[in-house]
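Coordinates in review
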Amino acid sequence: MPTQLETAMNTMIRIFHRDSCKEGDRFKLNKGELKMLLQRELTDFLLCQKDPQLVDKIMQDLHANKDNEVDFNEFVVMVAALTVACNDYLVEQLKKKGK
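Here the structure is a predicted model, which is why all the values come from computation and not from measurement. All chains use their own residue numbering, which begins from 1 and follows the written sequence. Since the coordinates come from a predicted model, pLDDT governs what is reported: local features require at least 70, and pairs of side-chain atoms require 80 or more to be given and counted, while whole-chain, interface and lining totals use all residues. Hydrogens and waters are ignored; side-chain quantities use all the structure's heavy atoms.

**Some remarks on the pattern of salt bridges**
- Salt bridges are defined by distance alone: a side-chain nitrogen of Lys or Arg within 4 Å of a carboxyl oxygen of Asp or Glu. Applying the stated criterion to the full structure yields four salt bridges.
- Linking R18 and E41 is a salt bridge whose minimum nitrogen-to-oxygen distance equals 3.1 Å. In this pair, R18 is assigned in helix α1 (residues 4-20) and E41 in helix α2 (residues 31-41), connecting sequence segments 23 residues apart.
- On the accessibility criterion, R18 (32% relative accessible area) is partly exposed.
- Judged by relative accessible area, E41 falls into the partly exposed class, the value being 33%.
- Two residues, D19 and R40, come together in a salt bridge whose shortest N-O distance is 3.0 Å. Pair noted here: D19 is in helix α1 and R40 is in helix α2, with a separation of 21 residues, a long-range link.
- Buried means the residue's accessible area, taken with a 1.4 Å probe over protein chains only, is under 20% of the maximum for its type, while exposed means over 50%, and partly exposed covers the values in between. Accessibility expressed as a relative area gives 36% for R40, which makes it partly exposed.
- By sharing partners, the salt bridges in this structure join R18, D19, K22, R40 and E41 into a single network. Numbering of helices and strands starts at the N terminus; helices are DSSP runs of H or I of at least 4 residues and strands are runs of E of at least 2.

Below is the structure:
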């Protein structure tokens, strides 16, 4: 039976490839595919954001090679950065509550 972390890793891989194979290079997300993935998988996160250009900014920040596509490594970096930001927020909230 897979562990929770193994399941999470498998889920990330499956989500990436589910959306990356829709257009163009099947091993990369283009801007439209990334936007759809973010809207589907990070709905609550995006609703809390006030910047309508957020997806464009994420796309620019993500891909160092400027090919207008995001490969799996860049996707993992994005998920990790968002996870760190969420953890930082949680820790800050816990500190405010004195826990």
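**A closer look at the confidence of the model for the protein**
- Overall, the prediction assigns the protein a mean pLDDT of 84, with 84% of residues at 70 or greater.
- The predictor's confidence in any single residue is recorded as pLDDT, a number from 0 to 100. Within the protein, helix α4 (residues 54-62) has the poorest average pLDDT of any element, 67, and α1 the best, 97.

**Digging into the packing of aromatic side chains**
- What counts as a ring pair is set by centres within 6.5 Å for rings of Phe, Tyr and Trp (its six-membered ring), and what kind of pair is set by the plane angle: stacked under 30 degrees, edge-to-face over 60, tilted for all other angles. On inspection of all chains with the given rule, the structure shows three aromatic pairs.
- Geometrically, the ring pair formed by F16 and F75 is tilted, given 5.3 Å between the ring centres and 45 degrees between the ring planes. Taken together, the residues span a long stretch of sequence, with F16 in helix α1 and F75 in helix α5 (residues 72-97) at a distance of 59 residues. There is no split in this pair, since F16 and F75 are both buried.
- Considering the side-chain rings of F72 and F75, the 6.2 Å spacing of their centres and the 40 degrees angle between planes classify their relative orientation as tilted. Taken together, the positions of F72 and F75, both in helix α5 and three residues apart, correspond to about one turn of that helix.
- For F72, a relative accessible area of 25% corresponds to the partly exposed category.
- The class for F75 is buried, based on a relative accessible area of 3%.
- Three or more aromatic residues link up through ring pairs in this structure, and these residues are F16, F72 and F75.

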